[in-house]
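Residue-level structure breakdown
For reference, the chains in residue letters:
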Amino acid sequence: MFAQEFVLKQRTEILHALCSSGSTEHLERVLDILLAQGELIWEDYQNIQVPDRALYTKARQLLDLVYTKGVDTCELFLAALKQVLPESQIVGLSFAGCNSNLEEKEEYQSTSTHTLLTQRPSLVSKLLGHIHGALEALVISGHFTSADCDEVRLPVYTPSQQARRLLDHVRPKGELAAKVVLQYIQQKQETGSALNPEKLTPPKEFLKYQKKLSSSVSAQSCFLSTYGGTSHMSLDDIYTEGQLELAQYCADVHGPLGLEDIVGTVGTVNEEADTVLVSGEAGSGKTTLLQRLHLLWARGVALQQFLLLFPFSCRRLNSEHRELSVKELLFQHCCWPDRDQEEIFQFILDHPHLVLFTFDGLDELKQSFSDEKRLCCPTQPAPVHILLFNFIQGSLMKGVRKVVTSRPEAVGPMLKTHLCKEVLLKGFSPSGIDCFVRKHHSDNTVATKVLESLQTNTALLGLCHSPVLCWIVSQCHKELLGCGEGSPQTITDVYLMILQHFFQHQSSQKSTVGLGWFQDHLKTVLHLGQLAFEGMKNTCYIFSGTDLETCGVTENDIYMGFLIQSKDLSSNHGKHYEFLHVTMQCFFAALYIVLSNNMDHSTISKLFEVKDMWETDLTSSCFRACLPSTYQQDCSLQGDATAAETSNLQITATFVSGLLSKRHQSLWLQCCPSAVMEKKIRQVGKCLSKGMQKHFKSIPQPVEGEKKSMHAMPGFVWLIKCIYEMQESRIAKDAMSKLEVDHLKLTYCNIGPVECTALAYVLQHLRNPVGLQLDNNSVGDVGVEQLLPCMHICNSLYLRNNNITDEGIRKLIAKGIQCENFRKIALFNNKLTDACTQHISQLLRTKDDFLSLRLGNNNITAEGAKQLAEGLKFNHSLQYLGLWGNKIGDTGAEALAKALESSKTLVWLSLVGNGVGNAGASALANIIKNSPTLEELWLTENCITRTGVERLIEALKHNIHVKSIWLRNNDLSLEEVEEMTQRESRLVF
């Protein structure tokens, strides 16, 4: 009866496994198997597969049917689940005791229609890539009409769904139709025409087009196209790998991701989706990463499973105002075939899995993502953004792999439902910074000096995790190494450095010294600033000659190097230009806001408008309202702003804060009346204070008995960064004096080293100690170092999943030992090894008021556990110790048990998933026997047998305080579990 009970008791888990991906594929494969095994009849199948019925409803109906059919059907159903579900989804289901195996039915039965049922799983597989040919055979034989074919080939169906629909339509057509399909499949098998890139022989003209396309892609990709575009840097010479991670909701994968993993199966959460999202902040290297992928494909060294690759820039697509079909989009925007366009396009439609589309900068598209307007027909013209949205959701060109890049804030929940997976680009690692700087400088001596300078300025080192800032620092090495007024500390400092660098290297007036360089080029700054500002107003990143002329931009201004020619558009429509990088456009817009005498007095207050920025999506009309009336007359924007607008305005506001700091006021003395400048400074200070107050007022009152907690929104982090850019401790002190919480939560807020620097600058002024929770960010070792100035105000620090290594922990612990308030730390899922345990051991030995240590899911072995045990021997305060998901084994468990057996404070201990056996369990029994405080012991997912559990039961007889010992998924039979549960109710299996 086990199988039937299992289906009933684990119904929720089975439903989740079948349906959580949003794809019907798992359910349909199970149905195929049950049909083939004869456990379902055709009428059962039809009753479940009712069109437009919700996936969960179908799955529930199947479970009901399977259960009522009895034990044998339940066993085969479970066997089918084991075959169909990926390992990651089987984890939550225990199939112990399920011994049924799926037997292959005899190849061909008495009738062909019967064979369609008994061989259904293998027939679906064999039909993949042959749908078109099978339909053609059925039409020629007179069994199918064109309407039948259209129903099978609906673009919303995946290839496997099309195969199933074909089989479903053939069955009622009778024996002869079924025979045609089986004969077609057999013929294809005999001729060895399995459809794959190795055996496929494309038409001659297709191969010519493939060569032309790869040549075009290679030419576009061989030189760095972004901020280094003017210096013709070879991508091979400068490209440096960024840190790639799967988003938290994707499958857990250990180790770094490579470039080809982006389009591979690793981390897939929705097998039916075709779109991969690569998300990263502005300047994190998204465009360069795609460029590298393009170049590797064009050279034939990577992504060779794709015969064609079509690259698109959403920034360029903004300039396309015509309605286009898919064919026109591909051929006009990427590469035009010399002949046989129809044949080539038909090949693409027939073999979508051999094609890759890339779309760079979804956040820069003027229209926000929507799935309201569905489009299935590839020949139907539509606005470009409608084509793109239907590509992403799979309504159009199903089967084509799509890679889309975007800033995180542009990706809403609706879009994420259409993703195969999401990959996060986190910028450079410390070794990546080193590699990039050395690649940028052919002179190794210069590179070494730059790196040494960065090591002495950790704030600047933190900024260099952003590739665009690392490029600026490398580009300005002479200014950096000869900096007489102090090294750059803020993002604004770095951009002013590149401003000075470009002016002094491109200008003929190279003798200018001191602060005069800025005044000498004030007109250029204002011209480019107005252009940038106008672009921000209109969500425009590419400018025509007319745009430049309107803002007074001259040839000399262009020569300075901040604008580069946009080659894709310039050839057909006159010259077009764009800023080196979108952040450079934001910087010049900020300069214009600070320096222009024509700016409306409400501009700054509108720019910092907190409510619209992250609560209701900043509208273009809101920002437009802050512009001078002369500009408003020319502005004809409609609808809401995109996420890129919001983000770019926030970046601009950050620069405005930095430009108005006291450290830079000497630059503006001769450029702007001091009274005007002081007014703008006061405005920014007032805006920042008002914004912080808005957050503080939203803090709910705590539930009685709980601590007062604030879950900060990303806008809070932005305000913190603005305060840091101003370097105004008075504003920081004033803001923190009004923050009264016990716990500050900043999870999933894209906190990197730059944000850590700003947080420490502001939070160090808190009046009372807080718990600081930074889980699931990108803090890293450099970020940890940036947090040290505020450690004295942290009574607990949560840094789960932050890419921290032993070196970061060494520095953190060294500081923590000195901090009186510091009592709790959580470091789950980082990159810690035994090397960090000697430092943690010293913390335990030194701080006798330390309460909680959680080190789960790292790489700590028995040796590390022994080190921790040495510290625990001298600690008389620890209450919580978590080491789940490490590798301490019996030896490590024994060492910890010996150190803790006389503890009078330990409340909770977790050694889940550590390879602990009977020896370890026996040692831990001594803690249970002796501890007056222990309440919970977690030993789930180990290898403890009956012998070890008996020792635990014996120990429990001596301790009435222990509430539970968790022992699920150990080496115990169902009979043993049942018996031991009856003997001791505190054991949880």
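Residues numbered from 1 in each chain as written. Predicted model: local features only at pLDDT ≥ 70, side-chain atom pairs only at ≥ 80, totals over all residues. Heavy atoms only, no water.

The name that an unreviewed UniProt entry assigns to the protein chain is Nucleotide-binding oligomerization domain-containing protein 2, with the source organism given as Larimichthys crocea. Its UniProt record gives the protein chain the following Sequence similarities (unreviewed entry) comment, quoted word for word: "Belongs to the NOD1-NOD2 family." (UniProt positions renumbered as here; feature names shortened; annotations may be inferred.)

Here we come to the overall build of the protein chain. The helix and strand inventory of the protein chain stands at 51 helices and 22 strands. Here the protein chain holds 989 residues, and 57% of them are scored as buried. For the protein chain, contacts bridging at least 24 residues in sequence account for 77% of all contacts bridging at least 6. Approximately 41200 Å² of the protein chain is accessible, and the part contributed by carbon and sulfur atoms is 49%. (Helix = DSSP H or I, 4+ residues; strand = E, 2+ residues; numbered from the N terminus. Buried < 20%, exposed > 50% of the residue type's maximum accessible area, 1.4 Å probe, protein only. Contact = heavy atoms within 4.5 Å. Areas by Shrake-Rupley, 256 points an atom, 1.4 Å probe, with all protein chains shown as cover.)

Attention now moves to the nonpolar core. Core analysis: the largest hydrophobic core is formed by 262 residues, its most contacted members being Phe 310, Phe 518 and Phe 608. Apart from the residues lying within four places of it in its own chain, the contact partners of Phe 608 are Ala 653, Val 656, Ser 657, Val 684, Cys 687, Leu 688, Trp 718 and Cys 722. (Core = buried A, V, L, I, M, F, W, Y, C linked by side-chain atoms within 4.5 Å.)

Within this structure, the stated rule accounts for 31 aromatic pairs. For the ring pair Phe 562 and Phe 588, a centre distance of 4.9 Å and an interplane angle of 70° mean the geometry is edge-to-face. Of this pair, Phe 562 sits in the loop between helix 31 (555-559) and strand 10 (563-565) while Phe 588 sits in helix 33 (residues 582-595), and the two are 26 residues apart along the sequence. By relative accessible area, which is 0% here, Phe 562 ends up buried. Residue classification places Phe 588 among the buried residues on the basis of a relative accessible area of 0%. (Phe/Tyr/Trp six-rings, centres within 6.5 Å; stacked < 30°, edge-to-face > 60°.)

Attention now goes to the packing of helix 40 (residues 674-697) against helix 41 (residues 714-726). Closest axis-to-axis distance for the helix 40/helix 41 pair is 10 Å, and the angle between their directions is 150°. As summarised for this structure, helix 40 and helix 41 are arranged roughly antiparallel, according to the angle between their axes. Pair helix 40 / helix 41 crosses with left-handed handedness. Within the contact between the two elements, helix 40 uses Ile 681, Val 684, Leu 688, Gly 691, Met 692, His 695 and Phe 696 and helix 41 uses Gly 715, Phe 716, Leu 719, Ile 720, Cys 722, Ile 723 and Met 726. Class assignment of the residues belonging to the contact of helix 40 with helix 41 gives a composition of eleven nonpolar, three polar and no charged. (Axes fitted to C-alpha atoms, helices over the stretch in contact; angles between N-to-C directions. Parallel < 35°, antiparallel > 145°, perpendicular 65-115°, else oblique. Left-handed = near helix turned anticlockwise from the far one by under 90°. Nonpolar A, V, L, I, M, F, W, Y, C, P; charged D, E, K, R; others polar.)

Consider a sheet: its strands pair through backbone hydrogen bonds, and that pairing is either parallel or antiparallel. If you walk across this open sheet you meet the three strands as 9-11-10, and the pairing is antiparallel. Strand pairing shows two members of the sheet lacking a second neighbour, strand 9 (543-544) and strand 10, which therefore form its edges. As paired elements, strand 9 and strand 11 (residues 576-579) share two bridges and run antiparallel to each other. Its bridge partner lying in strand 11, Ser 544 is registered against His 576. Of the strands in this sheet, strand 9, strand 10 and strand 11 are in contact with helix 29 (residues 522-537), which crosses strand 11 at around 90°. (Pairing = 2+ DSSP bridges.)

Now for the environment of Leu 909. Residue placement: Leu 909 occurs in strand 19 (residues 908-910). Put simply, Leu 909 and Gln 879 are 30 residues apart on the chain and 8.5 Å apart in space, counted from C-alpha to C-alpha.

What follows covers the pairing of strand 5 (residues 355-360). Counting buried positions over the six residues of strand 5 gives six, a clear majority of the element. Here strand 5 shows no split at all, with Val 355, Phe 357 and Phe 359 on one side and Leu 356, Thr 358 and Asp 360 on the other all buried. Of the pairings in the sheet, the one linking strand 3 (residues 308-313) to strand 5 comprises six bridges and is parallel in character. What sits directly across from Leu 309, in strand 5, is Leu 356. With four bridges connecting them, strand 5 and strand 7 (residues 401-406) associate as parallel partners. Pairing of Thr 358 across the sheet is with Val 403, part of strand 7.

The strand order across the open sheet built from eleven strands is 12-13-14-15-16-17-18-19-20-21-22, with neighbouring strands paired in parallel fashion. Edge strands, defined here as strands with exactly one partner in the open sheet, are strand 12 (709-711) and strand 22 (987-988).

The phi dihedral of Gln 727 is positive, around 50°, even though this residue is not glycine. Along the polypeptide, Gln 727 turns up in the loop between helix 41 and helix 42 (729-737). Its relative accessible area of 27% is what places Gln 727 among the partly exposed residues. Its identity as a non-glycine residue notwithstanding, Asn 776 has a phi of 55°, on the positive side. Tracing the sequence through the fold places Asn 776 in the loop between strand 14 (770-773) and helix 44 (780-787).

With that out of the way, let us pick up the packing of helix 9 (residues 120-127) against helix 12 (residues 159-170). Relative orientation of the contacting elements helix 9 and helix 12 amounts to 120°, with a least axis distance of 9 Å. Classified by the angle their axes make, helix 9 and helix 12 are oblique. Regarding helix 9 and helix 12, the two cross each other, and that crossing is right-handed. Of the residues in helix 12, those in contact with Arg 120, Leu 123, Val 124 and Leu 127 of helix 9 are Ser 160, Ala 163, Arg 164, Leu 166, Leu 167 and Asp 168. Counted by class, the contact of helix 9 with helix 12 contains six nonpolar, one polar and three charged residues.

A word on the pattern of salt bridges. Applying the stated criterion across every chain yields a total of 47 salt bridges. Across the pair Asp 148 and Lys 173 runs a salt bridge whose closest N-O atoms are separated by 3.1 Å. Placement of the pair is Asp 148 in helix 11 (residues 146-152) and Lys 173 in the loop between helix 12 and helix 13 (175-190), with a sequence separation of 25 residues. Accessibility expressed as a relative area gives 10% for Asp 148, which makes it buried. Judged by relative accessible area, Lys 173 falls into the partly exposed class, the value being 36%. A salt bridge links Lys 873 to Glu 870, with the shortest nitrogen-to-oxygen separation between them at 3.0 Å. Owing to a relative accessible area of 34%, Glu 870 belongs among the partly exposed residues under this scheme. Each of Glu 25, Glu 28, Asp 32, Arg 120, Arg 164, Arg 165 and Asp 168 takes part in salt bridges that share partners, so that together they form one network. (Salt bridge = Lys/Arg side-chain N within 4 Å of Asp/Glu carboxyl O.)

What follows deals with the environment of Ser 453. Mapped onto the fold, Ser 453 is located in helix 23 (residues 444-455). Excluding residues that lie within four positions of it along the chain, Ser 453 makes contacts with Leu 480, Leu 481 and Ser 487.

Within the secondary structure, Ser 112 sits in helix 8 (residues 112-118). Filtering out sequence-adjacent residues up to four positions away, Ser 112 remains in contact with Glu 175, Ala 178, Lys 179 and Leu 182.

Before going further, it helps to examine helix 27 (residues 491-506). Along an α-helix, a turn takes 3.6 residues, which lines up residues three or four apart on a common side. Taking 1.5 Å of rise per residue, 16 residues should cover 22 Å, and helix 27 covers 23 Å from first to last C-alpha, within 8% of that figure. Three or more residues of helix 27 are buried, namely Ile 491, Thr 492, Asp 493, Val 494, Tyr 495, Leu 496, Met 497, Ile 498, Leu 499, His 501, Phe 502 and Phe 503. (Expected span 1.5 Å × (residues − 1).)

Before going further, it helps to examine the environment of Cys 943. Mapped onto the secondary structure, Cys 943 falls in the loop between strand 20 (936-938) and helix 50 (946-956). The partly exposed category is assigned to Cys 943, whose relative accessible area is 34%. Apart from the residues within four sequence positions on either side, Cys 943 is in contact with Gly 915, Val 916, Gly 917, Asn 970 and Asp 971.

As a further point, take the confidence of the model for the protein chain. Overall, the prediction assigns the protein chain a mean pLDDT of 84, with 89% of residues at 70 or greater. A low-confidence stretch, residues 193-198 (pLDDT under 50), is modelled with eleven contacts involving residues beyond four sequence positions or located in other chains. In the model, residues 610-640 has pLDDT below 50 throughout and makes 61 contacts with residues more than four positions away in sequence or in other chains. (pLDDT = per-residue confidence, 0-100.)

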